[in-house]
Amino acid sequence: MKVQLLQKCPISGAYHERWYEARGDCTFVLFEDENYQEWIGIFGNGSMVEFSLAIPFSTGNAALVIAGGQGYIVDINSGELKYRTECDYLLGAIAVPERDLVIVCDTSNLYALTGTSQIWQSNFDSYNGFKFEQATPEQLSGHVWYHGDTHSFELNYKNWEFVPGPRTTKEYMRKYKRKKLAEMAKKRPATSSVKHFPGLTRYIKRITISPDGAALLHTTDSQVTVWDTKNWGLSYSVTGSLIGVSTDGKTFLTRHVDKEYIRKDVATLSGAYRKEIGKYNDPPCTFKAWETQSGRELDLGKIAPETYQLHQRTSIFANRLEPTLKVKDLLGDDKSSILPLHYDGLLENWIMTPDDQHIATIYYVSAGGFDTTVGHCVDAATGIAFYEFKVDSSPDSLPEIYFSAEHKLMISNHTGSFTVYDLEIGEDLRYISRCDEAPYRVWGSCFAVNPCDKWQVATSYAQEPYMHWDDDLRQKRQNWRAEEYTNSVVILNIADLSNEGKVERVLKQTDLIDDIEFFPDGDRIAVLLRCGNIHIWNIATGNIIATLSRHN
C-alpha cells in the first residue's frame, strides 16, 4: 500500500476521486490499496495552509493526512473517513513503528491517534513548537521550544509521561533548521525571473571609524562626511551612502540612489503602498570609490577586491514582499546573484554579517492581529535560515542589530532589553534586561562593543524608564536618578552570566542618540546625536575630547 502527497492537482478523470470536506484550497493525496488500485483523496485545508503531509500507520490499513493543518484518518482500501481531528493547525506527525499509533503536534500540544480515534492529548500552555526526532515502539524523543530555548524531551506511551530534558545547543538547531528549510526551498518556485527589487538597506551604522583609526565617517542616505581624527577637523563630504571601508582604511565605497526611488521605497513600508511594491524596477544606482585621506574619486574597476572584506564591498537590494534579495559584489564581476528567502512576511531590514557567510534579515509579520518582528540569520549562498534572533517588536521603531567583527558577536534589541549572540553558531551568550543600579529595562537601539574588551558594551538610553509595578521596588524606583540616564550612553560590563549589566560609566548627552561606536584603541567612543553633532568621549575620565560639527 502506498500514500503519497501530491504537489499539484492531478488531471481530472485520471484517477478515481474521493472528497473529504474539499472546499477552496485543497490538498491532494495519491493512495494505492492492497489490490494495487490507485485513487486520489481531495482534502479540505485547515488553518495552516502551508503545512501538509500524508503518512501510513505502521500497522493496519489506515493513513493520516494533514491538509493545511487539518488531520484526517482514512482507510486506504475502502476510502472511509475514520476520524477527523478537532485541531486544524497541526504542524507535525510521526508514525510509531510496530504499533497502530501516530503522534501529532500543533504549536503547544501533542496528540496520540490510532487508526480510528484520538486516545490522548497533552495539556501544555508554555511550549511553542516541537521537533520529532525518533519514535520507537516504547517512546518518542525530540525537541521542544520553551520560552525561547530548546530542550530535549521523551514521551512514554505506557503512561503518557512527558519528560523534558536539558537545554540543547544552538549547534543542533542550526543543523535542524538547515535541513528543514532546505526541504522548503525545494518546494518554493524559482525566482530567477524576478526583475523587481525594491528596497534599500536600512543603514544600521551611521558612524564608522576606519580600521587604522585615522578617519571617522558619518553617513546619511545621501552624503558621507569624513573627519580627521588627528586634529578633529572636517576633511570633506561626498555624495552617496557608505557601503564599506577597506581593511587598511585607505579607501571607501559609496552608493548613490535616485531620491525618488528612496521616497517610493519608504512608502512601501506603509500598509497602503505594500501592494504597489512590484511596480518599482531596479533603482538607478551609481557606485564610487574614494581615497579616505584626500576625498579623491578613484577608478572603481582598479580597486583590488582583496583590500575589502566581502561584506564591506557588497550592495544588497530587496523585494520586500517576495521576499528576495539581489546581492552584488562591487569589486567582482558585473553579475548580481538572486537570493530567495524562505520566510513569509514583510522584509524590513537586512545586512551582510562580518563573517561574509550570512545575511541578517528582519521581517514584519502580521498574523490575526498579533503583529511582531522576527530576525533570521540566513546563509548568504542559499537564503536558508542559520538561526533566529530576537528583535524589537514595537511598530513605531525600526528593528536594529549590531555586529562586533573583532569578537564575532551580534547584538539585537527587543522591548527595552538586548541579547548578545555568538555570530558563528547563533548561541545566545547574554540576555541583558536591566542594570545593577536601576529596576527598569532602560536600553535603547544603539549598541557598540569595545574591540579590546568582549564584555564591555555601550548602549543608548533616550527615554523615561519603563514603569515597574512591583511594590518591593517602589522605593528603589523613587530613589533612582532617572534624569542621569535620559539621553545618555551607558557603558556596561556584561561579563556576569546574570541578566544584569554592571554600569561602569554614564555619558550624559544633550540630544537624542542616533549611533555610537568605539575607536580601535577601545579608550574612546564616538556618539552621534540627532542634531548631527558628534561627541568624542574619553571613557576612563568621562570627559568630551572633541565635538564635531559641520557648522564649525
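So, a few notes on the structure that sits alongside this text. Quantities reported herein were computed from a predicted structural model and do not represent experimental measurements. (Residues numbered from 1 in each chain as written. Predicted model: local features only at pLDDT ≥ 70, side-chain atom pairs only at ≥ 80, totals over all residues. Heavy atoms only, no water.)

## Comments concerning the sheet that holds strand 21 (residues 241-245)
Consideration 1: The antiparallel open sheet is built from four strands, whose spatial order is 21-22-23-24. The open sheet has two free edges, formed respectively by strand 21 and strand 24 (297-298), since each of these has just one partner strand.
Consideration 2: Sheet topology places strand 21 next to strand 22 (residues 251-257); four bridges connect them, and they run antiparallel. Bridging from a neighbouring strand, Val245 pairs with Phe252 of strand 22. (Pairing = 2+ DSSP bridges. Helix = DSSP H or I, 4+ residues; strand = E, 2+ residues; numbered from the N terminus.)

## Focus on the side chain of Lys328
Consideration 1: Along the polypeptide, Lys328 turns up in strand 26 (residues 324-329).
Consideration 2: Classification of Lys328 as buried rests on a relative accessible area of 19%.
Consideration 3: Apart from residues no more than four positions distant in its own chain, Lys328 is found in contact with Arg313, Thr314, Ser315, Asp333, Asp334, Lys335 and Ser336. (Buried < 20%, exposed > 50% of the residue type's maximum accessible area, 1.4 Å probe, protein only. Contact = heavy atoms within 4.5 Å.)

## Looking at empty space enclosed by the protein
To find the voids left in a structure, one rolls a probe of water-molecule size over its atoms.
Consideration 1: Within this structure, the stated rule accounts for two cavities of 30 Å³ or more.
Consideration 2: Estimated volume of the second largest cavity: approximately 40 Å³.
Consideration 3: Together, 10 residues line the second largest cavity, and His342, His376, Val378, Gly383 and Ala385 are the ones closest to its centre.
Consideration 4: For the lining of the second largest cavity, the per-class residue count stands at seven nonpolar, three polar and no charged. (1 Å grid on protein atoms, 1.4 Å probe; cavity = no way out; pocket = protein on both sides within 12 Å on 5 of 7 lines; lining within 4 Å. Points joined across faces, edges and corners; volume = space filled by probe spheres on them. Nonpolar A, V, L, I, M, F, W, Y, C, P; charged D, E, K, R; others polar.)

## Observations concerning the pattern of salt bridges
Consideration 1: Inspection of the entire model under this criterion finds seven salt bridges.
Consideration 2: Across the salt bridge formed by Glu291 and Arg296, the nearest N and O atoms sit 3.4 Å from each other.
Consideration 3: You can call Glu291 partly exposed: its relative accessible area is 25%.
Consideration 4: On the accessibility criterion, Arg296 (48% relative accessible area) is partly exposed.
Consideration 5: As a salt-bridge pair, Asp521 and Arg524 come within 3.0 Å of each other at their nearest N and O atoms. (Salt bridge = Lys/Arg side-chain N within 4 Å of Asp/Glu carboxyl O.)

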